[in-house]
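Coordinate analysis (summary)
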Amino acid sequence: MIKQFNIIAMVAIAAIVLVSCTNEAPKAGAAISGTPAQKHVPVPASAGTSTPKKGDQVPNNLVCMVNDAYMGKQQLEVPFEGKLYYGCCEMCKERIPNDAKVRMAVDPHTLKKVDKATAYIVLIGDQDEVAYFENKDNYDAFLKASQ
């Protein structure tokens with residue numbers, strides 16, 4: 001009974017977070033001049049379609065870094081300390097510069113903190129969840145260790 005309640009509570013919290021983010025498209029002219037160019041990772045050819053599948057690297061600019069979710073379309077750019085982060089809504093845009101926890105993740109292979117702006121991002125879940133790796137080598141080692 002308690003286990004079912006915990007699952008229901010987690011689903012409710014996830015729903016609230018996702019509903020609070022309206023997934024708005026970026027406004028025209030939202031680019032900030034003077035910020036360094038960021039590397040945008042193209043969707044890998046191995047995906048075979050425009051929709052990546054579980055295990056594929058996804059472009060940073062298509063990920064809401066607050067919700068840790070692949071959104072499938074360009075997210076709002078949030079420049080902070082010379083790096084570019086991405087969020088799906090105004091709440092995310094406000095939270096990224098003010099909350100260091102949403103700018104960082106833990107590399108599942110090394111368990112070291114990694115900056116989401118420079119991470120190698122991989123689609124890992126059926127509900128578009130992503131994981132952040134320090135680099136492709138760490139991701140490859142993670143896959144090898146999990147086999």
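Below, the structure is looked at part by part. (Residues numbered from 1 in each chain as written. Predicted model: local features only at pLDDT ≥ 70, side-chain atom pairs only at ≥ 80, totals over all residues. Heavy atoms only, no water.)

Comments concerning the side chain of N138
What counts, and what does not: What counts as a helix is a DSSP run of H or I of at least four residues, what counts as a strand is a run of E of at least two, and both are numbered from the N terminus. For this analysis, residues touch if any pair of their heavy atoms sits within 4.5 Å.
Looking at the secondary structure, you find N138 in helix α4 (residues 136-145). Residues contacting N138, with those up to four places away along its chain left out, are D107, H109, T110 and F133.

Things to note about the packing of aromatic side chains
Which entries qualify depends on this criterion: Here a Phe, Tyr or Trp ring, Trp counted by its six-membered ring, pairs with any other such ring whose centre lies within 6.5 Å, and the pair is stacked when the planes are under 30 degrees apart, edge-to-face when over 60, and tilted otherwise. Residue burial is assigned from relative accessible area. The probe radius is 1.4 Å, only protein chains are included, and a residue is buried under 20% of its type maximum, exposed over 50%, and partly exposed in between.
If you walk through the whole model with that rule in mind, you get three aromatic pairs. With a centroid separation of 5.9 Å and an interplanar angle of 35°, the aromatic rings of Y120 and Y139 are classed as tilted. Linking Y120 in strand β7 (residues 120-123) with Y139 in helix α4, this pair joins segments that are 19 residues apart in sequence. What makes Y120 buried here is its relative accessible area of 14%. A relative accessible area of 8% places Y139 in the buried class. Aromatic side chains F133 and F142 sit 5.4 Å apart centroid to centroid with 55° between the ring planes, which places their arrangement in the tilted category.

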